[in-house]
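Summary of structural features
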Amino acid sequence: PRLRFLDGLRRIALFAMMFVQIVAWALLSTLWCSSAMKILVNQEAANAEAVAKCYSGPEQNVWELVMGKQIDIGAASSTLELAQRAHVGPGMKGVELNSNNGGGMRTLVRLAGVDSMIGVDLTKSVVETGKKRTAEEGLSDKIKFINKNSL
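Residues numbered from 1 in each chain as written. Predicted model: local features only at pLDDT ≥ 70, side-chain atom pairs only at ≥ 80, totals over all residues. Heavy atoms only, no water.

What to know about the sheet that holds strand S2 (residues 116-121)
Read from one edge of the open sheet, 3 strands run S1-S2-S3, paired in parallel fashion. Of all strands in the sheet, those bounded by a partner on one side alone are strand S1 (93-97) and strand S3 (143-147). Direction aside, neighbouring strands of the sheet carry axes that sit 15 degrees apart on average. Here S1 pairs with S2 via 5 bridges, running parallel. Its bridge partner lying in S2, Val 95 is registered against Ile 118. Contacts from helix H7 (residues 124-136) reach S2 and S3 within the one sheet, and its direction differs from that of S3 by about 165 degrees. (Pairing = 2+ DSSP bridges. Helix = DSSP H or I, 4+ residues; strand = E, 2+ residues; numbered from the N terminus. Axes fitted to C-alpha atoms, helices over the stretch in contact; angles between N-to-C directions. Contact = heavy atoms within 4.5 Å.)

A few points about the environment of Arg 106
Examined against the element boundaries, Arg 106 turns out to sit in helix H6 (residues 103-111). Take Arg 106: its relative accessible area is 0%, and that puts it in the buried class. (Buried < 20%, exposed > 50% of the residue type's maximum accessible area, 1.4 Å probe, protein only.)

With respect to a nonpolar patch on the surface
On the surface, Val 95, Leu 97, Ile 118 and Ile 146 cluster together into a nonpolar patch covering about 340 Å² of accessible area. Structurally, Ile 146 is set in strand S3. (Patch = residues over 30% accessible without salt bridge, like charges linked within 9 Å, V, L, I, M, F, W, Y side chains within 5 Å. Areas by Shrake-Rupley, 256 points an atom, 1.4 Å probe, with all protein chains shown as cover. Salt bridge = Lys/Arg side-chain N within 4 Å of Asp/Glu carboxyl O.)

Side note on H7
Count 3.6 residues to each turn of an α-helix, and residues three or four apart come out pointing the same way. Here H7 spans 18 Å end to end across 13 residues, near enough to the 18 Å set by a 1.5 Å rise per residue. Gly 138 occupies a position one or two residues after H7 and carries a positive phi of about 70 degrees. (Expected span 1.5 Å × (residues − 1).)

Some remarks on unusual backbone geometry
Working note: non-glycine residues mostly have negative phi, and peptide bonds are mostly trans. Here the phi dihedral of His 87 falls at roughly 60 degrees; this positive angle occurs in a residue that is not glycine. Within the secondary structure layout, His 87 lies in the loop between helix H5 (75-85) and S1. What makes His 87 exposed here is its relative accessible area of 68%. A positive phi angle, near 55 degrees, is found at Asn 100, a position not held by glycine. Summarising the element assignment, Asn 100 is placed in the loop between S1 and H6. Given the relative accessible area of 11%, Asn 100 is considered buried.

Here it is in structure tokens:
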């Protein structure tokens, strides 16, 4: 019983440390991205460099910690629901602007049967992550990325 108790305490401590790290990363990301987030309030302040900065480096890791590797708030279920409503499926090809790491595209190709997709994103690091994830899932022949500004 004592070992079980100590094991439980160790798990709680690990969870607490992870939680503190996530909160710290989120705060850092919020401060780092403040100029990019002004775009949400004032579209005239749109600055591709600020947006790219927000999604590069440690911030990309924060997004993945919060939303998972797909960086898709509703995950595959919301992507598939939208695909069904729009009658997206086998035999189709698509382009996703601001595709981030391509999580939505991988879902459409794997689970909705879409033939191929091209993702466009202005942040080089997320495009590289997307290429890596796409290759890991064996989908490089169906999903391509372009590193360009689509704003």
